[in-house]
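Topology and contacts: notes
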Amino acid sequence: MFYRNILKTFFQSRSSYLGRYNGVVTTIGNYRNVIPLSTTRLALKDEKVKVVFKLADGRRLEAQGAVGDSLLDVVVNNSLDIDGYGACEGTVTCSTCHVVLKPEDYDRLPEEAGDEERDMLDLAYGLTDTSRLGCQVTLTREMDGLEVLVPESVHDARS
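The protein chain appears in an unreviewed UniProt entry as Adrenodoxin from Bicyclus anynana. As recorded by UniProt, the Cofactor (unreviewed entry) comment attached to the protein chain reads in full: "[2Fe-2S] cluster". Of the comments in the UniProt record for the protein chain, the one headed Subcellular location (unreviewed entry) reads "Mitochondrion".

Next up, the structure:
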């Protein structure tokens, strides 16, 4: 009876952990632990932000990105057809992800452009006061519905 109660207690608590955490059972020493390793719950809770890329030819490309993604991530993850966009893959060594924001959206950005970004923006075509590199703009919840203008031509500062 004593052993049955111990086993019953152990298996009930183990199954509730597995159900709650969708975890993995591991053995450390003589103890069995449940370690939540699943990213499924986090993926289900990802907050999506809608972004509209307005191209110089008049096309509007709508996409969604997760909070914390950069504008470059949104373009890549949604396979948007923007010629030459993000050639350096976000290493801030080109200016091909140059975007122009509305003044009110520019003022809401959580971070200002850093020195490296400003240096690359100096080489971009169509530079404005509200220009940023898409690889350096990180999406927040407040940016839902963001519209960015992609300039007509891109300049790859690496060439």
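Don't stop here, the text continues.
What follows deals with the pattern of salt bridges. Under the criterion given, the structure shown has nine salt bridges. As a salt-bridge pair, Lys 54 and Glu 147 come within 3.5 Å of each other at their nearest N and O atoms. One end of the pair, Lys 54, is in strand 3 (residues 48–55); the other, Glu 147, is in strand 7 (residues 146–150), with 93 residues separating them in the sequence. Classification of Lys 54 as partly exposed rests on a relative accessible area of 31%. Overall, Glu 147 belongs to the buried group, its relative accessible area being 18%. The partner of Arg 59 in a salt bridge is Asp 57, with the nearest N and O atoms 3.0 Å apart. Salt bridges sharing partners connect three or more residues here, namely Lys 54, Arg 60, Lys 102 and Glu 147.

In this section: the pairing of strand 7. With four of five residues buried, strand 7 lies mostly within the body of the structure. The sheet contact formed by strand 3 and strand 7 spans five bridges and is parallel. Residue pairing in the sheet places Val 51 in a bridge with Leu 146 of strand 7. Sheet topology note: the strand 5 (residues 98–101)/strand 7 ladder contains two bridges and is antiparallel. Bridge pairing in strand 7 places Leu 101 opposite Val 148.

Conventions adopted
Residues numbered from 1 in each chain as written. Predicted model: local features only at pLDDT ≥ 70, side-chain atom pairs only at ≥ 80, totals over all residues. Heavy atoms only, no water. UniProt positions renumbered as here; feature names shortened; annotations may be inferred. Salt bridge = Lys/Arg side-chain N within 4 Å of Asp/Glu carboxyl O. Helix = DSSP H or I, 4+ residues; strand = E, 2+ residues; numbered from the N terminus. Buried < 20%, exposed > 50% of the residue type's maximum accessible area, 1.4 Å probe, protein only. Pairing = 2+ DSSP bridges.

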